[in-house]
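Below are the chains, spelled out letter by letter.
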Amino acid sequence: MKNRNIQMLRGVSIILVLIAHADTVYWEELKSIKKYIDPTIGVDLFFIISGYLMGATFIRKVLFDINLKHTISFYIKRLNRLFVPCLFWSFIVFALFDYWHLAGFIKTQEQAFKIFISSATFTGNIYNSIKPSGFGYFWSLGVEFQFYLILPLILLICKDMKSLIILLVIMLGFYTCVLSLFPESWQYRANALYIGLLIWCVTQSEGYHEIKKSINNNGCVYICFIVGALILAALCLSPALYKVHGVSFTAISILLGLAFFICVCMDKPIAAFISKPIEFIGDISFSLYLCNIPVYIFVSREMFTRGMGKPETMIVSVVLSIAVATASRYTLEKIDFIKLNKNLVR
């Protein structure tokens, strides 16, 4: 049965990302707030969820007996869902180059083409670290897909849960140390993905059910307060540790990981009174992530030229982004790319 709390956290993470992207496009005043609160941690929360689900949907099935057929089947399913929306929205960046160029977000058509190619091949983090642009947000898809490629190698090395946990801790330590050395390291921050996978390992332990029972003995309001406090702590900690990237990414991922773990343990929705709408936002979060920057740019240009203020522009941007993402979620994300490709070949 689907855990509604995980879906709600997806919604929380994309809401944070929408706030983070607002200052990138038009609301520069938000940059002063980022000195104290960093909404970009929404991406790290996404990564924790993805890392956990890799354990729940992939490792749980292969159980350290890595099988080439099962592995290929799993990755085809993942690629099938990710590829078409990513291809579409990265093509929008390339196809509407003149519009983005006039808005000051892309300098040359060559750059637009390279953004398209790197995004469609899930290497956006590599290209954007070399040539930053206003459409660098495809970086996170690159980090996640590269993690998907590394995971089978990790499973080949590990023979049981204990060795998996040890290797994941080593990988986390490696990212913590190395990412502190490079200024563009934030575009390679897989720390949260490994923490998400470690959380899944905890849920497979013998003592997990006792922990789960203990957490469920608390009221939903109390748990909601604790989860909210942990997320707020991560929001405030990130700017404080900004100069030591690797340590910052690991520290905030641990805080967010604790919040996520509590939500995984809870049988009931922790925020029942507002859970449904946030879960809906979580359901369209992938498409919302892909479309919100283009929509933000379009709305800001069209509304500013008509003398509209920033608050009204923000509201219209968010509402239109949700509408476009909903359409994308139930069209582009539903396309079976593998089946379509076979039909075209015939």
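Residues numbered from 1 in each chain as written. Predicted model: local features only at pLDDT ≥ 70, side-chain atom pairs only at ≥ 80, totals over all residues. Heavy atoms only, no water.

Focus: the packing of helix α11 (residues 208-216) against helix α13 (residues 245-265)
- Contact geometry of α11 with α13 gives a least axis separation of 9 Å together with a crossing angle of 85°. Considering the angle they form, α11 stands roughly perpendicular to α13. On the side of α11, the interface is formed by Tyr208, Ile211, Lys212, Ile215 and Asn216, while α13 contributes Phe261, Ile262, Val264 and Cys265.
- Grouping the amino acids of the contact of α11 with α13 by side-chain chemistry returns 7 nonpolar, 1 polar and 1 charged. (Axes fitted to C-alpha atoms, helices over the stretch in contact; angles between N-to-C directions. Helix = DSSP H or I, 4+ residues; strand = E, 2+ residues; numbered from the N terminus. Parallel < 35°, antiparallel > 145°, perpendicular 65-115°, else oblique. Contact = heavy atoms within 4.5 Å. Nonpolar A, V, L, I, M, F, W, Y, C, P; charged D, E, K, R; others polar.)

Points about the packing of aromatic side chains
- Overall, the coordinates contain 21 aromatic pairs when judged by the stated rule.
- Where Phe122 meets Phe145, the ring centres are 4.6 Å apart and the plane angle is 20°; that geometry is what we call stacked. Of this pair, Phe122 sits in the loop between α6 (109-120) and α7 (124-130) while Phe145 sits in helix α8 (residues 139-157), and the two are 23 residues apart along the sequence. Of the two residues, Phe122 and Phe145, neither departs from the other in class, the shared state being buried.
- A ring pair is formed by Phe147 and Tyr148, whose centres lie 6.5 Å apart and whose planes are at 50°; its orientation type is tilted. Each member of the pair Phe147 and Tyr148 is classed as buried.
- By way of ring pairs, the aromatic residues Phe122, Phe145, Phe147, Tyr148, Phe174, Tyr175 and Tyr194 are connected into one cluster.
- Here Arg301 stacks its cationic end above the ring of Tyr99, 4.9 Å away from the centre of that ring. (Phe/Tyr/Trp six-rings, centres within 6.5 Å; stacked < 30°, edge-to-face > 60°. Buried < 20%, exposed > 50% of the residue type's maximum accessible area, 1.4 Å probe, protein only. Lys NZ or Arg CZ within 6 Å of the ring centre and 35° of its normal.)

With respect to the side chain of Ser140
- Assignment of secondary structure puts Ser140 in helix α8.
- Those residues in contact with Ser140 that sit more than four places away from it in its chain are Val43, Phe47 and Tyr289.

Describing the side chain of Gln7
- If you trace the backbone, Gln7 turns up in helix α1 (residues 4-25).
- Overall, the relative accessible area of 8% leaves Gln7 in the buried class.

Things to note about a nonpolar patch on the surface
- Together, Ile33, Tyr36, Ile37 and Leu232 make up a nonpolar patch on the protein surface, roughly 400 Å² of accessible area in all.
- Secondary-structure assignment places Tyr36 in the loop between α2 (30-33) and α3 (41-62).
- With relative accessibility at 60%, the residue Tyr36 sits in the exposed group. (Patch = residues over 30% accessible without salt bridge, like charges linked within 9 Å, V, L, I, M, F, W, Y side chains within 5 Å. Areas by Shrake-Rupley, 256 points an atom, 1.4 Å probe, with all protein chains shown as cover. Salt bridge = Lys/Arg side-chain N within 4 Å of Asp/Glu carboxyl O.)

Topic: the nonpolar core
- Counting residues in hydrophobic clusters, the biggest one holds 107 residues, and the most contacted among them are Phe58, Phe135, Leu151, Leu164 and Phe260.
- If one sorts the elements of this core by residue count, α3 sits on top with 13 residues. (Core = buried A, V, L, I, M, F, W, Y, C linked by side-chain atoms within 4.5 Å.)

Description of the pattern of salt bridges
- The tally for this structure, following the rule as stated, stands at 6 salt bridges.
- For Arg329, the salt bridge identified is with Asp283, shortest N-O distance 3.4 Å. Taken together, the positions of Arg329 in helix α16 (residues 310-329) and Asp283 in helix α14 (residues 272-283) put the pair 46 residues apart, joining distant regions of the chain.
- The class for Arg329 is buried, based on a relative accessible area of 12%.
- One salt-bridge network, in which partners are shared between bridges, spans Asp283, Arg329 and Glu333.

Notes on the packing of helix α9 (residues 161-178) against α13
- Viewed as axis vectors pointing N to C, α9 and α13 meet at an angle of 135°, and their least axial separation amounts to 5 Å. The angle between α9 and α13 falls in the class oblique. Contacts from Leu172, Tyr175 and Thr176 in α9 reach Gly246, Val247 and Thr250 in α13.
- Residues that form the contact of α9 with α13 fall into these classes: 3 nonpolar, 3 polar and no charged.

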